[in-house]
Amino acid sequence: MLKSYIAFDVETTGLNPVENEIIEIGALKVRDGKVADRFMEFIRPQSPISAAITDLTGITNEMVASARTRSQVIPDFLDFCGDDVLVGHNVSFDYSFMKISASKDGLPFEKMGIDTLKIAKRVHKDLDSKSLGRLCAYYHIENKAAHRAYHDALATAKLYQTLAHYFEEEDPKLFRPVQLVYKAKKPRPATQKQISFLSSLIRKKGVQMDWDPVTITQSEASRMIDELLKV
């Protein structure tokens, strides 16, 4: 079992690290098996938080309105991480968002990591779900605020220590840190149908929107169309 590491979790505006944004980072620095430092901060996104994300996380647009921007928060989090191994539940998801967020400001984020979801899938094939909530319930690990970044990170750290206690000796390789890798998928360009419909909506609504029909992606076009249909 690692005695020193960073357990972390992010809350986001969606599932795609290229198109969506981080709205909260929660992390704890573990030293000799104990919490030595914490990182908890909102990030003010460029796009509004949807009702679905608010329902899931409890994070509202009002809560992030006065938060710092991505470019202000991410460097501080990278300093917090230092050279530590990252521990997360489905850590590749959180890592992908952090990797993309850092790269937007030209910052590297190359890390070794341990995934408690990967471990759970191997050692708990009998469980119907390997979600963080299900595993915490199974091991009686308290999570006071599920789907809030710091509390999920803390629960993940407890889960990692519990899994290592019971299973590391019989399968040590499963618990070794591995290089985390994320390669962003290239966004697909908007279809001609989307571009034509978007142009028509902009004219009908009489609004000014900053967009380029040559470079706009399918997801960007869909988001702009949805926004215009609400006007």
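Residues numbered from 1 in each chain as written. Predicted model: local features only at pLDDT ≥ 70, side-chain atom pairs only at ≥ 80, totals over all residues. Heavy atoms only, no water.

Can you lay out the packing of aromatic side chains for me, pointing to particular residues and giving the numbers?
Following the criterion strictly, the structure yields ten aromatic pairs and no others. Between the aromatic rings of Phe 8 and Phe 77, the centroid separation amounts to 5.8 Å while the plane-to-plane angle is 35 degrees, which identifies the pairing as tilted. Of the two residues, Phe 8 is situated in strand β1 (residues 5–12) and Phe 77 in helix α3 (residues 70–81); the sequence distance between them amounts to 69 residues. You can call Phe 8 buried: its relative accessible area is 0%. Note on Phe 39 and Phe 77: the rings are 5.3 Å apart at their centroids and 70 degrees apart in plane angle, and the pair reads as edge-to-face. Highlighted residues: Phe 39 in strand β3 (residues 34–42) and Phe 77 in helix α3, separated in sequence by 38 residues. Here Phe 39 and Phe 77 have matching classes, each one buried. Among the aromatic residues, ring-to-ring pairing joins Phe 8, Phe 39, Phe 77 and Phe 80 into one connected group. A cation over a ring is seen here: Lys 29 above Phe 80, with NZ or CZ 4.7 Å from the ring centre. (Phe/Tyr/Trp six-rings, centres within 6.5 Å; stacked < 30°, edge-to-face > 60°. Helix = DSSP H or I, 4+ residues; strand = E, 2+ residues; numbered from the N terminus. Buried < 20%, exposed > 50% of the residue type's maximum accessible area, 1.4 Å probe, protein only. Lys NZ or Arg CZ within 6 Å of the ring centre and 35° of its normal.)

Outline the sheet that holds strand β4 (residues 86–88), supporting the account with residue identities and numerical values.
Taken in spatial order, the six strands of this open sheet run β3-β2-β1-β4-β5-β6, and their pairing is mixed. In the strand order of this sheet, the two ends are held by β3 and β6 (178–179), each with one partner. For strand β2 (residues 22–31) and β3, the ladder comprises eight bridges, and the chain directions are antiparallel. Residue pairing in the sheet places Ala 27 in a bridge with Phe 39 of β3. (Pairing = 2+ DSSP bridges.)

With reference to specific residues and values, describe the pairing of strand β5 (residues 112–115).
Consecutive residues of a regular strand have side chains that alternate between opposite faces of the sheet. Pairing of β4 with β5, which is carried by three bridges, proceeds in the parallel orientation. In the sheet register, Leu 86 faces β5, and the bridge partner there is Gly 113. Where β5 lies against β6, two bridges are found, and the strand directions are antiparallel. Across the sheet, the residue bridging to Gly 113 is Val 178, located in β6.

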